[in-house]
Amino acid sequence: MIPKHHGKDGQYEVTIPTIADRVAQTVAANRIGAVAEQFFHRDSYGYRPGRGAHDALAVARKRCWEYDWVLEFDIRKFFDSVPHDLVARAVEALRLPPWVLLYVRRWLAAPVVMPDGEARPRDRGTPQGSAVSPVIANLFLHWAFDEWMGREFPDCPFERYADDALVHCKSEARAREVLAALERRMGSVGLELHPGKTQVVYCKDSNRRAPWAGPTSFDFLGYTFRPRDTVGRRGRYTGFDLAASRKALAKMSEAVRGWQLHRSVNLTWGQLAEWIGPVIRGWMAYYGKFRKSELYPLLARINYHVQQWIRDKYRRLRKDKAMLRAWDRVIAQFPNLLPQWRWVTWAWY
């Protein structure tokens, strides 16, 4: 059981397939994906070759500038709720070799063995952690959402990443209409929208100032879209833009505190870089794609903890002046030792 957002939103279950099943699931997933990829929607971005979260975010950003309203929605416990019979029908429609459907049916219905040894039967859902679940989820939602949206609301473009999606609308009335229809549609395929993660948002900025008492921000794929002060050729104005979300920043800050660098004074500089460098590099690569300056306080905080590590490791550098001289010297001689030094060399807590 994995906690969501520091345990605030409950937990979700990750299952671990046997090695033999994982190999077979990967083979089946490749067969399903090779056929389904030919007709998957261009605005489906999750678990697809050559597409990713940054692509979905870039398109969403552009469309938020073009459309005044966004319907943000999330499907409640999608991977635990998707109906087995409809999944089987979707796979069967691909006309793949019979063994593919046979094995998909078996994996869907296979009981889950809990840590205490109890075998729990399942009559719906596709397990998270399964190698075949991502392509099954995309296949199901292609017919349940993507194609349906194209038929019913061709004037409302969307971005979908697995079971998280945004729909862009020209008016609040249209957004409400889409929401009502979407609730009915999800109900007809055995799913339910998450009430706490589904909302109509006004993309407020310097040019869009209509009275609105509802939300003017939303989170998508670890980023927050909201009105933000921007400086451009027109001077200072408010634009609707994205940056790393508070939840994501809080989670990264919690990880930094958990390192407890001051207790690792036995490490060399090289060992320290091998330990924390890949983590920091990953954060910068993902959350620094848009408005990377939002990461600067976090990176400065990491520098502060590294400086504390220096003080504890080298007694002669415990005083501020001595430590800062050593800090400047290390950065000058080894500027690429820690990835955050490309953006931030100052320290702040």
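Located above this text is the structure these notes cover.
Please read these numbers as outputs of a predicted model, since none were measured by experiment. (Residues numbered from 1 in each chain as written. Predicted model: local features only at pLDDT ≥ 70, side-chain atom pairs only at ≥ 80, totals over all residues. Heavy atoms only, no water.)

Topic: the side chain of S253
Inference 1: Within the fold, S253 resides in helix α8 (residues 246–259).
Inference 2: Once residues lying within four places of it in the same chain are set aside, the contact partners of S253 are L298 and R301. (Helix = DSSP H or I, 4+ residues; strand = E, 2+ residues; numbered from the N terminus. Contact = heavy atoms within 4.5 Å.)

Structural notes on the pattern of salt bridges
Inference 1: For the structure shown, the criterion picks out 15 salt bridges.
Inference 2: As a salt-bridge pair, D43 and R63 come within 3.1 Å of each other at their nearest N and O atoms. Note that D43 is positioned in the loop between α1 (19–36) and α2 (53–66) and R63 in helix α2, a separation of 20 residues in sequence. One exposure class covers both D43 and R63, and it is buried.
Inference 3: Residue D205 pairs with R208 through a salt bridge whose shortest N-O separation is 3.2 Å. (Salt bridge = Lys/Arg side-chain N within 4 Å of Asp/Glu carboxyl O. Buried < 20%, exposed > 50% of the residue type's maximum accessible area, 1.4 Å probe, protein only.)

Some thoughts on empty space enclosed by the protein
Inference 1: Across all of its chains, the model carries one cavity of 30 Å³ or more by this definition.
Inference 2: Computed from the structure, the largest cavity encloses a volume of approximately 30 Å³.
Inference 3: Along its surface, the largest cavity is lined by F73, I75, L141, F145, R160, A162, D163, D164, A165 and M186.
Inference 4: Mapped by element, the contributors of at least two residues to the lining of the largest cavity are α6 (133–152) and β7 (164–169).
Inference 5: Here the lining of the largest cavity is built from residues that sort into seven nonpolar, no polar and three charged. (1 Å grid on protein atoms, 1.4 Å probe; cavity = no way out; pocket = protein on both sides within 12 Å on 5 of 7 lines; lining within 4 Å. Points joined across faces, edges and corners; volume = space filled by probe spheres on them. Nonpolar A, V, L, I, M, F, W, Y, C, P; charged D, E, K, R; others polar.)

A word on the pairing of β7
Inference 1: Of all six residues making up β7, five are buried, and the element is well covered by its neighbours.
Inference 2: Where strand β3 (residues 69–74) lies against β7, six bridges are found, and the strand directions are antiparallel. Note that in β7 the partner of E72 across the bridge is L166.
Inference 3: What sits between strand β6 (residues 158–161) and β7 in their antiparallel hairpin is a turn of two residues, with A162 showing a positive phi close to 55°. (Pairing = 2+ DSSP bridges.)

Let's talk about helix α5 (residues 98–109)
Inference 1: With 12 residues, α5 extends 17 Å between its outermost C-alpha atoms, agreeing within 8% with the 16 Å of an ideal straight helix rising 1.5 Å per residue.
Inference 2: Residues of α5 that are buried in the fold lie against α1, α4 (84–92) and α6. (Expected span 1.5 Å × (residues − 1).)

Re the layout of surface pockets
Inference 1: One number sums up the size of the second largest pocket: a volume of about 380 Å³.
Inference 2: Together, 19 residues line the second largest pocket, and T15, I16, P17, P111 and V112 are the ones closest to its centre.
Inference 3: Mapped by element, the contributors of at least two residues to the lining of the second largest pocket are α1 and β4 (112–113).
Inference 4: The residue makeup of the lining of the second largest pocket, split by class, is 12 nonpolar, four polar and three charged.

Observations regarding a nonpolar patch on the surface
Inference 1: A surface patch of nonpolar side chains, amounting to about 570 Å² of accessible area, comprises I19, V23, V27, W99, L102 and Y103.
Inference 2: Among the secondary structure elements, those contributing two or more residues to the nonpolar patch are α1 and α5.
Inference 3: One can find L102 in helix α5.
Inference 4: For L102, a relative accessible area of 41% corresponds to the partly exposed category. (Patch = residues over 30% accessible without salt bridge, like charges linked within 9 Å, V, L, I, M, F, W, Y side chains within 5 Å. Areas by Shrake-Rupley, 256 points an atom, 1.4 Å probe, with all protein chains shown as cover.)

Let's talk about the pairing of β6
Inference 1: Examined bridge by bridge, β6 and β7 share four bridges and lie antiparallel to one another. Each bridged residue has a counterpart across the sheet, and for E159 the counterpart in β7 is L166.

Here we look at the sheet that holds strand β8 (residues 199–202)
Inference 1: Pairing in this open sheet of four strands is antiparallel, and the strands run β6-β7-β3-β8 from one edge to the other. With one partner strand each, in any of the chains shown, β6 and β8 form the two edges of the open sheet. Strand-to-strand twist of the sheet, defined as the mean angle between neighbouring strand axes without regard to direction, takes the value 15°.
Inference 2: In this fold α2 packs onto β3, β6 and β7, with an angle of close to 160° to the strand it touches most, β6.
Inference 3: Lying over the sheet, α6 contacts β3, β6 and β7, oriented at roughly 170° with respect to β6. (Axes fitted to C-alpha atoms, helices over the stretch in contact; angles between N-to-C directions.)

Concerning the packing of helix α9 (residues 269–287) against helix α10 (residues 296–313)
Inference 1: It is at 12 Å that the axes of α9 and α10 come closest, and there the two elements cross at 170°. With respect to α10, the axis of α9 lies roughly antiparallel. Facing α9, whose interface residues are W269, L272, I276, I280, W283 and M284, α10 presents L298, L299, I302, V306, W309 and I310.
Inference 2: For the contact of α9 with α10, a count of residues per class yields 12 nonpolar, no polar and no charged. (Parallel < 35°, antiparallel > 145°, perpendicular 65-115°, else oblique.)

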